[in-house]
Each structure stands twice: as structure tokens, then as C-alpha cells.
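The residues making up each chain are set out below.
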Amino acid sequence: MNAAPTLAPMLRKLRLWVSLDAPQEQALLDLPHTVVALEKQRVIVREGDDVTHAWLVLSGYCVRFKYVGSGARQIVSIHMKGDLVDLQNALLGVADHSVQTLTACKMATLPIEHIRHLSDTDPMIKDALWFDTLVDGSIHREWVGNVGRRDATTRVAHLLCEFALKLDAIGLDQHDYELPMTQDQLADATGLTSVHVNRVLQSLETEGLIERVTARSVLIGDWKRLAAAGDFHRDYLHLDTIKRRHEYR
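These numbers were taken from a predicted model, which means no experiment stands behind them.

### Quick word on the sheet that holds strand S8 (residues 176-178)
Part 1: The strand order across the open sheet formed by 3 strands is S8-S10-S9, and the pairing between neighbours is antiparallel. Two strands bound the open sheet, and with one partner strand each, they are S8 and strand S9 (210-211).
Part 2: Relative to strand S10 (residues 217-220), S8 runs antiparallel, the two sharing 3 bridges. Considered in S10, the bridge of Glu-178 is made with Ser-217.
Part 3: The strands touched by helix H6 (residues 152-169) within the sheet are S8, S9 and S10, with S8 carrying the most contacts at an inclination of about 100°.

So, in C-alpha cells, the structure goes:
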């Protein structure tokens with residue numbers, strides 16, 4: 001049996017937004033790329049860097065983040081298999097945020113000039129990449145609302161729900177997973193202290209919404225209650241775009 005093409009995870013994600021024909025899919029799979037193995041906690045993009053390529057996650061997890069004047073860090077998104085982590089940076093030419101691996105990762109670098117050429121010559125491929133960046137924007141808006149207006153319990157529960165559905169979208173178990181973040185990193189993602197995050201996780205476990213066999217394992221005991229606790233509605237992830245398009249035809 002032939003191994004799946006290296007860039008297949010990217011294609012699987014883009015299929016959420018746009019229906020591409022076989023030649024278009026092959027053109028994406030044939031994009032020039034280099035595969036690199038990276039250790040955990042490696043900063044691969046720094047704010048202010050000139051950008052010549054986009055990073056695609058093939059395995060593992062990474063985050064995008066910003067530093068503020070005080071030196072504090074705000075994590076603004078979490079990324080996993082199939083995600084083009086910094087397509088916006090690559091198109092803008094200069095990185096306006098940083099990217100760091102959470103775990104050991106296998107990633108592919110795709111030269112931006114080849115992505116530009118392919119999108120300029122094929123409108124459907126351009127639509128697929130455009131959808132990808134639009135959904136990133138939708139997720140960022142949700143995160144702003146989460147950190148800015150929700151209480152601590154709701155923030156953490158919301159993040160756990162989002163992570164679960166994104167795992168489901170790439171074919172992994174959404175109800176029992178290993179969260180690849182320390183409590184300090186969860187604090188950076190939710191605008192809380194690590195002590196407060198620990199208390200919230202203990203509270204969610206006490207109430208039966210999650211179970212934790214290890215410090216980072218998350219077993220969702222009651223999805224509906226966890227989603228309610230997190231004020232979580234999946235629409236902003238736009239995972240049903242193709243289905244809705246077919247329904248409206």
C-alpha cells in the first residue's frame with residue numbers, strides 16, 4: 001500500500017471549506033516543501049521576521065502568541081495536524097506574531113511564491129486558502145470574546161471544547177485526549193494565572209464534566225454540560241461549510 005502524500009493533512013482540512021477536483025487536489029499535494037522535525041518549545045517564527053514560507057503541521061501541536069510591553073505572553077491560537085499555521089504571515093511578508101511548538105512536531109515548510117502562483121492560477125484553490133484564513137479570523141474573534149468577557153471557568157471549558165472538536169475534525173478521539181499544554185500555557189491562552197487554571201480544572205473534574213487520569217489527560221464526562229459551562233457553540237469553527245453549501249443548492 002502506498003503511503004499517503006506528505007501534504008495530505010493540509011488537503012484534508014481544505015476539503016472542509018471547498019470541493020476541489022482531482023487535478024486541483026494533486027496540484028496542492030505537489031507543492032514544493034521541506035519536512036523538518038522539531039523539538040518541543042521551539043520558537044519557529046518570531047514577530048518581525050521576514051517570511052518566505054508557510055509552516056504546515058504534519059504531527060504534534062504548536063501555538064501562535066504575542067508578547068506585550070510588560071513581557072507577558074498571550075497565546076492566541078492552538079494548532080494541530082493539517083493546519084497552515086502562519087499563512088497570513090507568509091502573505092503579509094513580515095511576521096506580526098510568533099509561533100512555538102508545544103510538543104515535538106513534524107512540519108513542512110512551503111515556499112510562499114509557489115503558494116501564490118498556485119492560488120493566482122486557480123480560483124478554487126485560492127478560495128480554499130482564503131476560507132482557511134477566514135476561519136482563522138473567526139477563531140481569533142471567538143478567543144477575544146472568550147478572554148475579554150467570559151469568567152475563568154467558562155474560558156477554560158470553552159478551550160477544552162474547541163480542542164476536542166478540532167481533534168474530531170482530523171479524525172482523532174474528541175472525548176479522551178492528552179492536552180499538550182502545561183497549566184502555565186493554559187494560563188497564557190486564557191488570560192488567567194496558572195493557580196487559577198488549576199482550580200478551574202479541579203472544579204470541572206469535581207462536577208463530573210471532565211476526568212483527568214494524568215495532569216494533562218482530559219476525558220470529557222458530559223459533553224453537553226461541558227459545552228454549556230463553556231458557552232460553547234461550534235458555528236465559529238465552520239466545520240459544516242461543505243454540508244451547508246450542498247443543502248443550499
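### Concerning the side chain of Gln-100
Part 1: Here Gln-100 lies in strand S6 (residues 98-101).
Part 2: In this structure Gln-100 comes out as buried when scored by relative accessible area, which is 11%.
Part 3: A distance of 3.1 Å separates a polar atom in the side chain of Gln-100 from the backbone oxygen of Gln-41.
Part 4: Here Arg-73 takes part through its side chain, which lies 2.6 Å from a polar atom of the side chain of Gln-100.
Part 5: With residues near it in sequence (within four places) discarded, Gln-100 still touches Gln-41, Arg-42, Val-43, Cys-62, Val-63, Phe-65 and Arg-73.

Thresholds, definitions, all that
Residues numbered from 1 in each chain as written. Predicted model: local features only at pLDDT ≥ 70, side-chain atom pairs only at ≥ 80, totals over all residues. Heavy atoms only, no water. Pairing = 2+ DSSP bridges. Helix = DSSP H or I, 4+ residues; strand = E, 2+ residues; numbered from the N terminus. Contact = heavy atoms within 4.5 Å. Axes fitted to C-alpha atoms, helices over the stretch in contact; angles between N-to-C directions. Buried < 20%, exposed > 50% of the residue type's maximum accessible area, 1.4 Å probe, protein only. Polar contact = N/O pair within 3.5 Å; in protein donor to acceptor, adjacent residues only side chain to side chain.

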